[in-house]
Amino acid sequence: MPLHRLTRITMGVPDVRSTAAYYGDFGLTRVTATGGTPDVERFSTVDGGEQLAITYAPCRRLLDLGVGADDSDDLDRVARAMARLEVETVRSATAVEAVDPGTHVRVRVEIAPRVESRPTPAPVYNTPGVIARENARADAVTRGTRVRPRKLGHVVLGSADQEATQRFFTEGVGFKVSDTVKDLAAFMRCSTDHHNLLVQRAPVTFLHHTSWQVDDVDEVGRGAAEMLEADPGRHVWGLGRHAIGSNFFWYLKDPAGNFSEYYADIDCIVDDALWTPGVWEGARSLYQWGPPPPPSFLAPEDLAGLMTGSHSS
């Protein structure tokens, strides 16, 4: 597909310093830092380059979302599609920008290089009847390096107008629907990953979580263990495996209240003709196995405050 990845996001939070410290602990690499109270803190991933900016906002929210495209023809297509939706755009030689009417997030479709990832060696497992790892400990037991996310995989948004947001991203930007949760949410992709964006119905617009790819399930567990050793209060939900998308997951919470996810082993849709979107409901729309999700994952504890702030503004 002409679109090929999420390029970057800008997250607005009340306390930039503490939130930036959290994402440094999470394994992202700080790109810039300033003394005193920083206006913007930027972070990169191993394969995706600079993918996160953190700046001040009175309430936590997603401000900007970048989507990678191959060339100017792709930008022309997006601009024409937005015009049909009667959405105003700002066009430059390398990007086209528009604001989603449902979430008020500024989306920038930009010409960007595709992600090139160094292949991860497949873990060697001993299984019943097959001894593949003889006289040696598992590689994951001896790993000593820090967990470093490879790329930003997906973003999950609550939208007060889910239908409008889904239409903006599918008919306007060009995302494709991979699966839906009945009367609630749509999993959408702009790459071969099962989803790069999930938009769910909500009483107010908010950022639910960002999700960051690591090599395998052991890196999910190792990353979470390091984060919780520093602060057990960061734990939200995990370890588990989703049914939609199939990925392993562990969710933690940053100081602003946003959830962040380590994930590995997500479904990849290389041929659209070979994938049939499903309609999910009930517990399996949340997970295949693992501990049950806490109530705060389904309805974040600060949701009432976000609603009050939204009405005030």
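Just above sits the structure.
The following refers to the structure shown. (Residues numbered from 1 in each chain as written. Predicted model: local features only at pLDDT ≥ 70, side-chain atom pairs only at ≥ 80, totals over all residues. Heavy atoms only, no water.)

**Quick word on the pairing of strand E4 (residues 49–56)**
Quick note on the threshold: DSSP calls a pair of strands paired once it identifies at least 2 bridges connecting them. Secondary structure elements follow DSSP: runs of H or I no shorter than four residues count as helices, runs of E no shorter than two count as strands, and numbering proceeds from the N terminus.
Sheet analysis places strand E1 (residues 3–13) next to E4, joined by five bridges and oriented parallel. Looking across to E4, one finds that Gly 12 is bridged to Thr 55.

**Thoughts on the sheet that holds strand E11 (residues 185–189)**
Selection criterion: Lines are fitted to the C-alpha atoms to define the axes, a helix being fitted only along its stretch in contact, and any angle between axes, read from their N-to-C directions, falls within 0 to 180 degrees. Contact criterion: two residues are considered in contact whenever any of their non-hydrogen atoms come within 4.5 Å of each other.
The mixed open sheet is built from nine strands, whose spatial order is E14-E15-E16-E13-E9-E12-E11-E10-E17. Among the strands making up the open sheet, the edge pair consists of strand E14 (235–241) and strand E17 (278–280). Across the sheet, the mean angle separating the axes of adjacent strands is 20° when strand polarity is ignored. Bridging between strand E13 (residues 206–213) and strand E16 (residues 259–264) involves five bridges; their strand directions are parallel. Bridging across to E16, Trp 212 finds its partner in Tyr 262. Contacts between helix H5 (residues 217–230) and the sheet are confined to E14, strand E15 (248–253) and E16, with E15 contributing the most and set at about 15° to the helix.

**Some remarks on the pattern of salt bridges**
Close approach of charged atoms allows side chains of opposite charge to pair. The following threshold applies: Salt bridge criterion: a side-chain nitrogen from Lys or Arg within 4 Å of a carboxyl oxygen from Asp or Glu. Categorising residues by exposure relies on relative accessible area from a 1.4 Å probe, with only protein chains included: less than 20% of the type maximum marks a residue as buried, more than 50% marks it as exposed, and the intermediate range marks it as partly exposed.
One pass over the structure, following the stated rule, counts 23 salt bridges. A salt bridge links Asp 25 to Arg 234, with the shortest nitrogen-to-oxygen separation between them at 2.9 Å. In this pair, Asp 25 is assigned in helix H1 (residues 16–26) and Arg 234 in the loop between H5 and E14, connecting sequence segments 209 residues apart. Exposure remark for Arg 234: the relative accessible area of 10% places this residue in the buried category.

**Description of H5**
Operational definition: Each helix should span, by expectation, one fewer than its residue count multiplied by 1.5 Å. Polar contacts, as used here, are pairs of N or O atoms within 3.5 Å; protein pairs need one atom able to donate a hydrogen and one able to accept it. Residues neighboring in sequence count only if both atoms are side-chain atoms.
Its 14 residues give H5 an end-to-end C-alpha distance of 20 Å, which sits within 8% of 20 Å, the value for a rise of 1.5 Å per residue. The complete set of buried residues in H5 reads Glu 219, Val 220, Arg 222, Gly 223, Ala 224, Met 227 and Leu 228. On its buried face, H5 is in contact with H1, helix H3 (139–142), E14, E15 and E16. With a side-chain oxygen lying 3.1 Å from the backbone nitrogen of Asp 218, the N-terminal cap of H5 falls on Asp 216.

**Here we look at unusual backbone geometry**
Omega for the bond connecting Gly 238 with Leu 239 falls within 30 degrees of zero, at -5°, which places this linkage in the cis form. Following the sequence through the fold, Leu 239 ends up in strand E14. Backbone geometry places Glu 86, a non-glycine residue, at a positive phi of 60°. Considering the arrangement of structural elements, one finds Glu 86 in the loop between helix H2 (72–84) and strand E6 (89–91). For Glu 86, a relative accessible area of 75% translates into the label exposed. Unlike most non-glycine residues, Asp 265 shows phi in positive territory, near 65°. Residue position: Asp 265 is located in the loop between E16 and E17. Asp 265 gets classed as partly exposed once you look at its relative accessible area, which sits at 44%.

**Considerations on the environment of Phe 259**
Residue position: Phe 259 is located in strand E16. According to the relative accessible area criterion, Phe 259 is buried, its value standing at 3%. The spatial distance from the C-alpha of Phe 259 to the C-alpha of Arg 17 is 17 Å, given a sequence separation of 242 residues. Discounting chain neighbours no more than four positions away, the residues touching Phe 259 are His 208, His 209, Thr 210, Val 236, Leu 252, Lys 253, Ser 296, Phe 297 and Pro 300.

**Looking at the packing of aromatic side chains**
Rule in force here: For this analysis, a ring pair means two rings from Phe, Tyr or Trp (six-membered ring only for Trp) whose centres lie within 6.5 Å, classed as stacked if their planes differ by under 30 degrees, edge-to-face if by over 60, and tilted for the remaining angles. Two conditions define a charge sitting above a ring: the NZ of Lys or the CZ of Arg must be within 6 Å of the ring centre, and it must be within 35 degrees of the ring normal.
Applying the stated criterion across every chain yields a total of 14 aromatic pairs. Measuring from ring centre to ring centre gives 5.1 Å for Phe 168 and Phe 169, while their planes differ by 80°; the resulting arrangement is edge-to-face. For the pair Phe 168 and Phe 169, a shared accessibility class is recorded, and that class is buried. Judged by centre distance (5.7 Å) and plane angle (20°), the rings of Phe 259 and Phe 297 are stacked. Note that Phe 259 is positioned in strand E16 and Phe 297 in helix H6 (residues 295–298), a separation of 38 residues in sequence. Residue Phe 259 shares its accessibility class with Phe 297, and that shared class is buried. By the ring-pair criterion, three or more aromatic residues cluster together here, those being Trp 237, Phe 249, Tyr 251, Phe 259, Tyr 287 and Phe 297. Sitting over the ring of Phe 248, Arg 241 keeps its end group 3.8 Å from the ring centre.

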